[in-house]
Structures are given as C-alpha cells and as structure tokens.
Amino acid sequence: MTPPLSPTLFPPLLLATDGSPSARLAQRLLYPIAKLLKAQITEDATDAAPALDDSALLIAVTVQPRSSKRGDRFSRKVNSVAVATETATPEVTTITPATVATQPPTLALEQLTTLIEGDVPAGLSLSLQVRQGRPATEILNYARTIQAGLIAVGHRGTGGMRELLLGSVSTVIARYAFCSVLVARSSQPAELPLTPRLNHVLLLVDGSLASRQAIATVLQLAPIGIERVTLLCVQSPIGVNKNLFGAFGSPTLSWQLNQSLQTAQKEQGEHLLKRAKGALAGVKLDIQTRMQTGDPAPLICQVAQEQGANLIILGSDPTRRSLLSPLQVLRPGKRNLEGVPAKSRRALRNTRLSVTEDYVIHYAPCPVLLCRTPDAVQPKVDVG
C-alpha cells in the first residue's frame, strides 16, 4: 500500500522581493496560493486549532545591503568637508554629498513598501520584513526561522554561462532551501500581467517519491484554476553495442537486445503515465500524456514552450546530500585537511539541485515550482 503524502505547500508563504518585475511576478503568482491555503485553514479551523493569522500567512522579506566601515568613514569625511566648505563658501554647498549617500536606501525602501502594498488584493494582508546582509543567506536563514512552507522568488537571469558558473539569488535559494521554491520566470519579462494564469501545468513523471509529491501538489493547487495537465515522461536512449559481447558478438543479437530493452522501457513509461493519470482522476482536469526520449532538461523546456504551459512542476528530493561540509573544509585556517578523504577535498558544487532542475530554472519559458517536503528544519548555514 502506498503511504499517504504530506502536503507540499503550507503556511507561512515567504516572498523574497527587491521590487524588480520578476519579483512582482512572483508576488502575484503567490496570491492565489495564499487564498487557497487561507480558505483551507479557515475551513479546518476548530476551537483547539484556530485559524492562522493573516499576518503570518503571507510574509515578504527584502534585504538591504549592510554598510561597511569604509563607507562610514567616507561618509564622515564628506560631512567634515561639507561643513568646512559651508563656512567658507555657502553657495557651493547647496548639494551635500553626505545627504545623497544616506537618503537613497530609505527612499528605495519606502518605494518598495508602496509597490508591494499596491499589489496586495482584497482579502489578504502581507507583512514586510527588512534584513541586512547578503540576500540569499538572509532569505534562507529567515525562511528556516519561520519554517516557511514555500519561498517565491523572481529570476532576473538570462541563462548565460556566467550565471551558470556564479549563480544568482534565485538559484542559490532553489539550491539550498529546505522547502518548496517557486521561481518566477517569463519568456516576455516586459509584460507583467495583473493576474497571471495558471491553467496549464506541465508535470514531470518518473516514478520517484519526489514525483509522487509533485502529483500531490497538482491535486492541492487544482482549485486555483488549473484546467489542463500535461504529464511528461522522459526516458534515456538505450543502445547496446555489439562490442559488449566481445569478438563473438553479432549485429543480430545486438539488435534483438536493443529492441527488447526499448520495449521494456516503453512499457515502464506507459505504466508510470497511467499511474500518474489515475492519481489525478479524482479532479476534473484535461490530462494529456507525452513520452519523450533524450535529455530531460532541454526536453522539459521544449515541451513547455510548444504546449504553452503556465507552470512547470518538478519533484525535488529534499534529502539529496549537500556538499557544504566538504566545501567548508577547504577554507584555509578553518580545519585540518589530515584525515579527510581525497574525494571530499574536491571543490564540488552543492548537489541539492539535480542537473535537470538547475537547467530548467535557468531556461524555462514559464515559472517553475520545485516541490519539497522538509522532514526537519535544518540549521543555519552561510551559503553566500
């Protein structure tokens, strides 16, 4: 018997925002999910478990840069120069450099607050938290503090090689977050719809526990307006070379084995699609199935583009091992490398994101939802 799956999306919902168009798109994508969770919580509320406060349902966090000591010293020097010149020649000091240096962050925060509040629909409330430091690190640590069920973040990258190597805030959050992550992407970033449509979902099916969790997420989000679901099963190409059998191998044997393996693989894919379609049978949805052979990452983006999907849902394994500890060992002066296996000394990137998930986040033509169900809140770490 298949064990029941816990809900993937649960409050509080955390919006990581900087006021950019992609962050505003993430904010607007988050509203129907927040309304759905609010309705579910209100319906299930009892005297023993009262309904959740609106201020704790939807939280926005923005990160301001931390002022450095060098910048403070420069500001004090500018102040002293301004005072000295003001005494000598008052006409020259009508514009004070120190005022210009200190006012923009406050004005930017006020503009950001106005921008966020202007997008909040009726029936929802949103609280804004302001932190200082590195954006990705502060957002992740705050998400762990409040035990967020979903982090929504905008993706402003272009998918270039520089971003793949160095990463971005959205990529780091998707890589290290212990909960589900919604990455707002759009093929037309200049257009910002007031109410983004989520009527067509592309769902990757591979038979894993993470894939089953993604199916549960579709069932959970169905009331927000999902009408069509495309189930995609991507299989690796199979080919057996006659050299596998040595000098006595024959092309006929190799061809027969290829045919047998391909037939078995096709039957397995059809079984996975049939089982996923059966799991969604309880909801009124237009379900289509597709089976492709090749590299899953580009195929997912290609099918999403061809089918006009509004959202890509991928199951993401939250237990995939992190490589933070081996990387921290490599920092000079921190630990002794004696006794550390040579395999652990290599500077490898974090593997919480699979190759497919990493590629889709960078190149998808629509928003991407990584479904994760944390079993425990992880300790704070510095990923900056």
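About the thresholds
- Residues numbered from 1 in each chain as written.
- Predicted model: local features only at pLDDT ≥ 70, side-chain atom pairs only at ≥ 80, totals over all residues.
- Heavy atoms only, no water.
- Helix = DSSP H or I, 4+ residues; strand = E, 2+ residues; numbered from the N terminus.
- Buried < 20%, exposed > 50% of the residue type's maximum accessible area, 1.4 Å probe, protein only.
- Areas by Shrake-Rupley, 256 points an atom, 1.4 Å probe, with all protein chains shown as cover.
- Pairing = 2+ DSSP bridges.
- Right-handed = clockwise from strand over helix to strand, strands pointing away.
- Contact = heavy atoms within 4.5 Å.
- Salt bridge = Lys/Arg side-chain N within 4 Å of Asp/Glu carboxyl O.
- Expected span 1.5 Å × (residues − 1).
- Polar contact = N/O pair within 3.5 Å; in protein donor to acceptor, adjacent residues only side chain to side chain.
- Axes fitted to C-alpha atoms, helices over the stretch in contact; angles between N-to-C directions.
- pLDDT = per-residue confidence, 0-100.

Enquirer: Whenever I open this one, the overall build of the protein confuses me. Can you help?
Expert: Looking only at helices and strands, the protein has 12 helices and 10 strands in total. Taken across its 384 residues, the protein has 40% of its residues classed as buried. On the protein, roughly 21,100 Å² of surface is accessible, and the fraction owed to carbon and sulfur atoms is 55%.

Enquirer: Looking at this structure, I do not really get the pairing of strand 7 (residues 228-235). What am I missing?
Expert: Here is the key point about a regular strand: its side chains alternate between the two faces of the sheet. For strand 7, a buried count of seven out of eight residues is recorded, marking the element as mostly surrounded by other parts of the structure. As judged from the five bridges shared by strand 6 (residues 200-204) and strand 7, these two strands associate in the parallel manner. Directly across from Leu 202, in strand 7, lies its bridge partner Thr 230. Crossover connection from strand 6 via helix 7 (residues 209-221) to parallel strand 7: handedness right-handed. Sheet topology note: the strand 7/strand 8 (residues 286-293) ladder contains eight bridges and is parallel. Residue pairing in the sheet places Cys 233 in a bridge with Met 291 of strand 8.

Enquirer: In this structure, what is going on with the environment of Gln 288? I would like to understand it.
Expert: Note that Gln 288 resides in strand 8. Along the chain, Gln 288 and Thr 230 lie 58 residues apart, while their C-alpha atoms are 4.8 Å from each other. Not counting the four nearest positions on each side in its chain, Gln 288 is found in contact with Arg 228, Val 229, Thr 230, Leu 231 and Gln 307.

Enquirer: I tried to follow the pattern of salt bridges on my own but got confused; where do I start?
Expert: A pair can form between side chains of opposite charge whenever their charged atoms are brought close. Applying the stated criterion across every chain yields a total of five salt bridges. Of the charged contacts in the structure, one is a salt bridge between Arg 131 and Glu 138, with a shortest N-O distance of 3.1 Å. On the basis of relative accessibility, which here comes to 24%, the residue Arg 131 falls in the partly exposed class. The shortest N-O distance in the salt bridge between Arg 175 and Asp 358 comes to 3.9 Å. Linking Arg 175 in helix 6 (residues 169-176) with Asp 358 in helix 12 (residues 355-363), this pair joins segments that are 183 residues apart in sequence. Comparing Arg 175 with Asp 358, the two get one shared label, buried. Several salt bridges share partner residues, and in doing so they unite Arg 24, Arg 28 and Asp 119 into one network.

Enquirer: What exactly am I supposed to notice about helix 7 here?
Expert: For an α-helix, 3.6 residues make a turn, and residues three or four places apart therefore share a direction. Look at helix 7: 19 Å from first C-alpha to last across 13 residues, which is about the 18 Å you get at 1.5 Å a residue. Buried within helix 7 are the following residues: Ala 210, Ser 211, Gln 213, Ala 214, Ile 215, Thr 217, Val 218, Gln 220 and Leu 221.

Enquirer: Is there a simple way to explain unusual backbone geometry in this structure?
Expert: Comment: phi is negative for the bulk of residues other than glycine, and the bulk of peptide bonds are trans. For the bond running from Pro 11 to Pro 12, omega is 0 degrees, close enough to zero to count as cis. Here the phi dihedral of Gln 147 falls at roughly 55 degrees; this positive angle occurs in a residue that is not glycine. Structurally, Gln 147 can be placed in the loop between helix 4 (135-146) and strand 4 (150-154).

Enquirer: I'm lost on the side chain of Thr 230 in this one. Help?
Expert: With respect to the element layout, Thr 230 can be found in strand 7. A polar contact is formed between the side chain of Thr 230 and the side chain of His 200, at a distance of 2.8 Å. When sequence neighbours within four positions are dropped, the list of residues in contact with Thr 230 reads His 200, Val 201, Leu 202, Leu 203, Gln 288 and Arg 290.

Enquirer: What should I look at first to understand the pairing of strand 2 (residues 58-64) in this one?
Expert: Burial of strand 2 is extensive: seven of the seven residues sit out of reach of the surface. Side-chain alternation along strand 2 places Leu 58, Ala 60, Thr 62 and Gln 64 on one buried face and Ile 59, Val 61 and Val 63 on a second face that is also buried. Judged from the six bridges that link them, strand 2 and strand 3 (residues 127-132) form a sheet pairing that is parallel. Each bridged residue has a counterpart across the sheet, and for Val 61 the counterpart in strand 3 is Gln 129.

Enquirer: Quick question: what am I supposed to make of the side chain of Asn 199 here?
Expert: Here Asn 199 shows up in the loop between strand 5 (180-184) and strand 6. Accessibility expressed as a relative area gives 15% for Asn 199, which makes it buried. For Asn 199, the residues in contact, after removing those within four places along its chain, are Gly 225, Ile 226, Glu 227, Arg 228 and Asn 310.

Enquirer: Would you mind showing me how to read the sheet that holds strand 10 (residues 368-371) here?
Expert: Strand pairing in a sheet takes place through backbone hydrogen bonds and is either antiparallel or parallel in direction. Here 10 strands make up an open sheet; going across it, the order is 3-2-1-4-5-10-9-6-7-8 and the pairing mixed. Of all strands in the sheet, those with a lone pairing partner are strand 3 and strand 8, marking the two edges. In this sheet, neighbouring strand axes are inclined to one another by 20 degrees on average, regardless of whether the strands run parallel or antiparallel. Where strand 4 meets strand 5, five bridges bridge the pair, whose relative direction is parallel. Across the sheet, Leu 150 pairs through a bridge with Ser 180, a residue of strand 5. Sheet strands in contact with helix 6 are strand 4, strand 5 and strand 10, and its direction is about 160 degrees off that of strand 4.

Enquirer: Quick question: what am I supposed to make of the confidence of the model for the protein here?
Expert: The predicted coordinates ought not to be read in detail in places where the model reports low pLDDT. Residue-level pLDDT values for the protein average 76, and 64% of them are 70 or greater. Across residues 158-166, where pLDDT falls below 50, the model places 12 contacts with residues more than four positions away in sequence or in other chains. Here residues 322-351 is modelled with pLDDT under 50, and outside its nearest four sequence neighbours on either side it reaches 29 contacts, counting other chains as well.

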